Amino acid sequence: MNLVLLGPQASGKGTQAEKLAEKFNLAYVEMGGILRKIAHQNSSLGSKINELINIKGVLVPDKLIFQVMNDYLGRIEILKGIIFDGFPRVISQARYLEKFLTKKGQKIDLAIYLTLPRKETFKRLAGRRICEKCGKVYNLLTAPPKREGICDLCGGKLIVRPDETPEKIKRRLEEFEKQTKPLIKFYKEKGILEEVDGNQPIEVVFEDILSRLAKRGLG
Ligand code: AMP
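Residues numbered from 1 in each chain as written. Predicted model: local features only at pLDDT ≥ 70, side-chain atom pairs only at ≥ 80, totals over all residues. Heavy atoms only, no water.

### A look at the overall build of the protein
Then, in step 1: The helix and strand inventory of the protein stands at nine helices and eight strands.
Then, in step 2: A compact globule built from 219 residues should have a C-alpha radius of gyration of about 17 Å, and the protein, at 17 Å, falls within 12% of that.
Then, in step 3: Across its three principal directions, the C-alpha atoms of the protein cover 45 × 40 × 30 Å.
Then, in step 4: Out of the 219 residues in the protein, the part that is buried amounts to 48%.
Then, in step 5: Within the protein, contacts between residues at least 6 apart in sequence are counted, and of these 70% link residues at least 24 apart. (Helix = DSSP H or I, 4+ residues; strand = E, 2+ residues; numbered from the N terminus. Rg over C-alpha atoms; globule rule 2.2 N^0.38 Å. Buried < 20%, exposed > 50% of the residue type's maximum accessible area, 1.4 Å probe, protein only. Contact = heavy atoms within 4.5 Å.)

### Describing helix α9 (residues 202–215)
Then, in step 1: Given a rise of 1.5 Å per residue, 14 residues ought to cover 20 Å, and the 20 Å separating the end C-alpha atoms of α9 matches this to within 8%.
Then, in step 2: Those residues of α9 that fall on the buried side of the exposure criterion are Val205, Phe206, Asp208, Ile209, Leu210, Arg212 and Leu213.
Then, in step 3: Buried positions along α9 lie against β1 (3–6), α1 (13–24), β4 (110–115) and β8 (193–197).
Then, in step 4: One or two residues past the end of α9 sits Gly217, with phi positive at roughly 70°. (Expected span 1.5 Å × (residues − 1).)

### Observations concerning the nonpolar core
Then, in step 1: One finds Leu6, Phe84 and Tyr187 to be the most contacted residues of the largest nonpolar core, which totals 35 residues.
Then, in step 2: Looking at this core, the elements that each hand over two or more residues are β1, α2 (31–40), α3 (44–56), α4 (62–75), β3 (82–85), α5 (91–103), β4 and α8 (182–189).
Then, in step 3: What Tyr187 contacts, discounting residues up to four positions off in sequence, is Val4, Leu6, Pro88, Ala94, Ile108, Ala111, Ile192 and Leu193.
Then, in step 4: Counting 19 residues, the second largest nonpolar core, distinct from the first, contains Ala17, Leu26, Leu210 and Leu213. (Core = buried A, V, L, I, M, F, W, Y, C linked by side-chain atoms within 4.5 Å.)

### Brief notes about the packing of helix α6 (residues 118–126) against helix α7 (residues 166–180)
Then, in step 1: Taken N-terminus to C-terminus, the directions of α6 and α7 make an angle of 140°; their axes are 12 Å apart at the nearest point. Taken together, the axis directions place α6 and α7 in an arrangement best described as oblique. By crossing handedness, the relation of α6 to α7 is classed as right-handed. Side by side, α6 and α7 meet where Arg118, Thr121, Phe122 and Leu125 of the first sit next to Pro166, Ile169, Lys170, Leu173 and Glu174 of the second.
Then, in step 2: Classifying every residue of the contact of α6 with α7 gives five nonpolar, one polar and three charged. (Axes fitted to C-alpha atoms, helices over the stretch in contact; angles between N-to-C directions. Parallel < 35°, antiparallel > 145°, perpendicular 65-115°, else oblique. Left-handed = near helix turned anticlockwise from the far one by under 90°. Nonpolar A, V, L, I, M, F, W, Y, C, P; charged D, E, K, R; others polar.)

This is the structure in structure tokens:
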């Protein structure tokens, strides 16, 4: 089973992706996390990606995304399937993914669109912290670390993501509206889109997703 998670910033894609990956033994591909790791590297690709995501706060061009994806997808075993979070983000990436999976005799079985009102996005992002070292995400209101400012997993320092200043959040939300929203129509027309209300407690959202999968004979 191959799934795509769509939704605005802080709609809970990462949280739900982790839960789905665990339940169904799926490989979890989080594009933002992969790019943040590359941005940390001391290489020309690293500094290019750092400038785009952390300094400018814009989407990374397809050419680089496909390069990263080819390398990454080539290395993971598809096994029981993959859950994609943050990829595809534009129609051209969705077409690329379709081609990639077709070559392997696979397809996207379902795209799950997590909705969230804009006001809620800002509220959730205000509490979001990320481990500088391992990338684990926390929320001071809903999922705080055990020790203030310190990652439970690796002891790294928790920081505000450089692309999560109010101005950059606004730009990223606009990008979602303009560039990513068309994907909802793309998957709807293929009959493989489920829209789920992300403005509910984590477990309620998860159960909702599970029932949509069951309804379609997936999972
Ligand atoms: P995220 O953690 O999903 O919010 O991603 C962080 C940043 O990485 C985004 O704001 C983009 O700059 C970049 N990014 C992540 N995924 C993609 C993608 N599929 N295509 C282009 N840029 C991306």
